[in-house]
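Below, each chain spelled out in residue letters.
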Amino acid sequence: MKKNVITGSKLWSIAMITSLLAACSSPATTSTTANAATSTTGTTKTVSVSEQTSVKYADLVSLDADDTNISWSEADSTAIKLNGTTATVTGSGAKAANGSVTITEAGTYVLSGELTDGQIVVNVADKGTVHLVLNGATIHDNDSAAIYIQKAGKAVITLEKGTKNIVSDGKTYVYADATTDEPDAAIFSKADLTFNGAGQLTVTGNYNEGITSKDDLKIISGNISVKAADDGIKGKDMVAIQAGTITIEAEGDGIKSTNDTDTTKGFVAIAGGTFDIQSGNDGIQAETALVTDGGTYNIVTAGSSANAPAKVEEGPFGGGGGGWGGGTPPTDMGTPPDGEPPADMPEMPNNSGNAGTNTNSAAASSSANTAATTDTETNADADTAATATESTSAKALKAGTDLTVNGGTYTIDSMDDSLHSNNNVTVNDGTFNIESGDDGIHADQELTINGGTITIAKSYEGLEGAIITLNDGDVDVTASDDGVNAAGGETETAANTAASTDSATTATDAATTSNISVTETTGTTSTTDQASQGTAATQQGRGPGGMGAASNNEFHINGGTLTVNAGGDGLDSNGSINMTGGTVIVNGPTDNGNGALDYDGTFVISGGYLVAAGSSGMAQGTSDASTQNTIVMTFPATQKAGTLVHVQDSEGNNILTFAPAKDYQTVVVSSPDLAKDGSYVIYSGGTSTGKAVDGLYTDGTYSGGTQVVAFQSTSNVTWVNESGVTTANTGMGGPGGGRGQGGFGGGRNRSQSSTTSDSTGTTDSAK
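Fair warning: this is a prediction, and the values are worked out from it, not measured in the lab.

Draft legend 1. Up close: the overall build of the protein. Scanning the protein from terminus to terminus reveals 4 helices and 66 strands. Just so you have it, the protein exposes about 26400 Å², and 47% of that area is on carbon and sulfur atoms.

Draft legend 2. Local environment of the pattern of salt bridges. Scanning the model with the defined rule gives 12 salt bridges in all. Note that K190 and E182 form a salt bridge whose closest N and O atoms lie 3.8 Å from each other. By relative accessible area, which is 24% here, E182 ends up partly exposed. Salt-bridge contacts for D282 lead to K398; the nearest nitrogen and oxygen are separated by 3.5 Å.

Draft legend 3. Up close: the packing of aromatic side chains. Throughout the structure, instances matching the rule amount to 10 aromatic pairs. Ring geometry for Y173 versus Y175: centroids 6.0 Å apart, planes at 65°, classification edge-to-face. Assigned by exposure class, Y173 and Y175 land together as buried. The ring of Y460 is capped by K311, whose NZ or CZ atom sits 5.1 Å from the centre of that ring.

Draft legend 4. Unusual backbone geometry, seen in detail. The linkage connecting E182 with the following residue, P183, adopts the cis geometry, with an omega of 0°. In this structure, P183 sits in the loop between strand 14 (172-175) and strand 15 (185-189). Located in the positive-phi region is A302, a residue other than glycine, with phi close to 50°. Within the secondary structure layout, A302 lies in the loop between strand 29 (296-301) and strand 30 (357-360). The exposure class of A302 is buried, given its relative accessible area of 8%. Of note, the phi angle at D699 is positive, near 60°, even though the residue is not glycine. Take D699: it is sitting in the loop between strand 60 (696-698) and strand 61 (701-703). The partly exposed category is assigned to D699, whose relative accessible area is 41%.

Draft legend 5. Structural view of the environment of T263. Structurally, the position occupied by T263 is in the loop between strand 24 (255-257) and strand 25 (267-270). Relative accessible area serves as the criterion here: at 73%, T263 is assigned to the exposed category. For the pair T263 and E287, spaced 24 residues apart in sequence, the C-alpha to C-alpha distance is 9.0 Å.

Draft legend 6. Looking closely at the pairing of strand 39 (residues 453-458). Alignment of strand 36 (residues 431-436) against strand 39, held across 5 bridges, turns out to be parallel. Residue F432 lies in a different strand from strand 39, and its bridge partner there is I454. Across 4 bridges, the pairing between strand 39 and strand 42 (residues 474-479) is parallel. From the neighbouring strand, I456 faces strand 42, where its bridge partner is V477.

Draft legend 7. Layout of the environment of L201. Mapped onto the secondary structure, L201 falls in strand 17 (residues 200-205). Distance from L201 to L159, taken between C-alpha atoms, is 7.0 Å for residues 42 residues apart in sequence. Setting aside residues no more than four positions away along its own chain, L201 makes contact with L134, L159, N165, V167, I187, F195, N223, I224 and S225.

Draft legend 8. Local environment of the pairing of strand 16 (residues 192-197). The buried fraction of strand 16 is high, at 5 of 6 residues. Pairing geometry for strand 12 (residues 154-159) and strand 16, over 6 bridges, is parallel. Following the sheet pairing, A155 is matched in strand 16 by L193. Pairing of strand 16 with strand 19 (residues 216-219) involves 3 bridges; the strand directions are parallel. In the strand pairing of strand 19, F195 is matched with I219.

Draft legend 9. Structural context of the side chain of D416. One can find D416 in the loop between strand 33 (409-414) and strand 34 (419-421). Accessibility expressed as a relative area gives 9% for D416, which makes it buried. Apart from the residues within four sequence positions on either side, D416 is in contact with T301, T392, S393, A394, K395, S436, G437, D438 and D439.

Draft legend 10. Structural detail: the confidence of the model for the protein. Model confidence for the protein is summarised by a mean pLDDT of 79, while 70% of its residues fall at 70 or above. Contacts of residues 731-767 to residues separated by more than four positions or lying in other chains number 165 contacts, the stretch itself having pLDDT below 50.

Draft legend 11. Representation of the environment of T245 within the structure. One can find T245 in strand 23 (residues 245-250). In this structure T245 comes out as partly exposed when scored by relative accessible area, which is 33%. Counting along the chain gives 23 residues from T245 to G222, while the straight-line C-alpha distance between them is 6.3 Å. Every residue in contact with T245, bar those within four places of it in the chain, is listed here: G222, N223, I224 and T274.

Procedures and definitions
- Residues numbered from 1 in each chain as written.
- Predicted model: local features only at pLDDT ≥ 70, side-chain atom pairs only at ≥ 80, totals over all residues.
- Heavy atoms only, no water.
- Helix = DSSP H or I, 4+ residues; strand = E, 2+ residues; numbered from the N terminus.
- Areas by Shrake-Rupley, 256 points an atom, 1.4 Å probe, with all protein chains shown as cover.
- Salt bridge = Lys/Arg side-chain N within 4 Å of Asp/Glu carboxyl O.
- Buried < 20%, exposed > 50% of the residue type's maximum accessible area, 1.4 Å probe, protein only.
- Phe/Tyr/Trp six-rings, centres within 6.5 Å; stacked < 30°, edge-to-face > 60°.
- Lys NZ or Arg CZ within 6 Å of the ring centre and 35° of its normal.
- Pairing = 2+ DSSP bridges.
- Contact = heavy atoms within 4.5 Å.
- pLDDT = per-residue confidence, 0-100.

See the structure below:
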């Protein structure tokens, strides 16, 4: 019978997306119900707990004895000696013919030698377990899969310790007829497939994919390198990796699962290992859940963040601002005063690489290629109107449902989002060094950070989700647009619908949020119901805002440290912000079309330490429903980057000594040490002998500054200028300008104490 020859080809391109962003939105005139911060007597700790259980590898993956079995003996196995285009079989269960070896019985088979153009076929009718031991084997098939598991209960491939094994296929496959499209990988299995052992395996998928299982795919151990014309490692029902060293160079996705019909399957779970992934599309993609407990990851997607599509921000009146590629980036993102910028500070993206066409010779089915190379964002950036509905998905870690990171070390340079979920993202621990061409971490619904050290050195927007919660951890964000953006999600749609019928009330179903406020108290407490919050009516802390009613988006800060350097808004919520603890430092925008703080509902603060510096045109403070006091200082003119702003009380105790990384005109500070009826003095310039971290000075003595204003605070949110106490900012700023890159340093838990001139005071003002 004459065979049809099908030559593979796959065409993928990086689509250019032009985005229009609304810079700000106007304040809604609404009422606050149970949103006010907890009133306590004693010691209170407020923790936001996600209703989603923290899932781990062991919750999803179970191993049996076959998965971990690496033992074999000559007496109990069949030897297969490969020799050019022939093979010699010693033992039962396998036969060699026409340059290929067919295994028809369960058992252990030890392969060695080289097969230059042939195939290892497993076809076991009784569904038993076939154990293949690669003991220094090189297997190549010119026109099909080199190892093809047609039928078996399970296949286990052991990489014998101390051996090097090579498996590869050709660029052109020969199928029985035009309706056949399997196998399509150098190692292809229709049964569950497990890799174990301590040897090395190099797989080259010249035709399409490197390793594919149509059922479960597990890697227990081994040193595995894969180079593929499309996806590197793919399992339908699951990809589970317990350990090993895995290197992948793939034109498509690096690691992926694909089952989209069973919600209990289609996941990727990783306990540990070392991963070096360079992919044209997503680095690690799960159709459902993606869980990583540990491991070391180096992931580069689509050539790096420098290849990100251009983004253009629209000013509040339709004026084109700058995004990446939206004009020449400004050079005002700033240098922290306590050190020079790192030598490895990332450059702006190279827009010349934005719109390219890449071809390879893979011949996966057209439907498979479309799925691998396109990603329709059904819940795109809430401030973005994309000109195309499909674009290349080149995310580093991507989950169709929930993405959970329990630990590990991640170095990511991604063209697209670095961490992305179509539902929820939870980071419980881990160390992240991220450079992203889009969002650093994005969740369509909830983004929860419970710990870890996260440095987003480059991004369009740093953190984005419908509901964002920071409970603990050390987060440092540099963004050309918004540093933190609570936007999008189903909650915003529901809230906007309600707002359109009654702009005076944004009452939404508390059940739509899955963050529960839990208050642990020593003493007497009246609890806070953050889930049923509204927005304040007339608030002295509100600045100008923009053109729409507040949505149900939320940003909760309950602990940890957050440092932001943003070209757009520093902290942006299309709904409300609630802060009960932690330390937040914001170096906001220099243009008047954005603000260091930007929210449409309320910003209720009851604990923690906040300092936010930026332009004055769209400046906002905290809301007057807050129980912790705030000062909002607007200087008569723009202050140069690095110019100290110092606030002390009437006794000389330090409240704030801060050197913003960029030019600024407004500074917001909220501290547990601020009193509603306190007397304060604000200085500009001068020096401090203290230690500066992210521009915030601790300890030391401040001196040499110029007094700007002395005043008595009149409420829990006091707006001041050089003349004294004034009213909240109400003027509209101008359109946003170009966005640039900048900001350095990692936030720390810090306490503050210092002396001023001839007065000495000690203040723990950054709790």
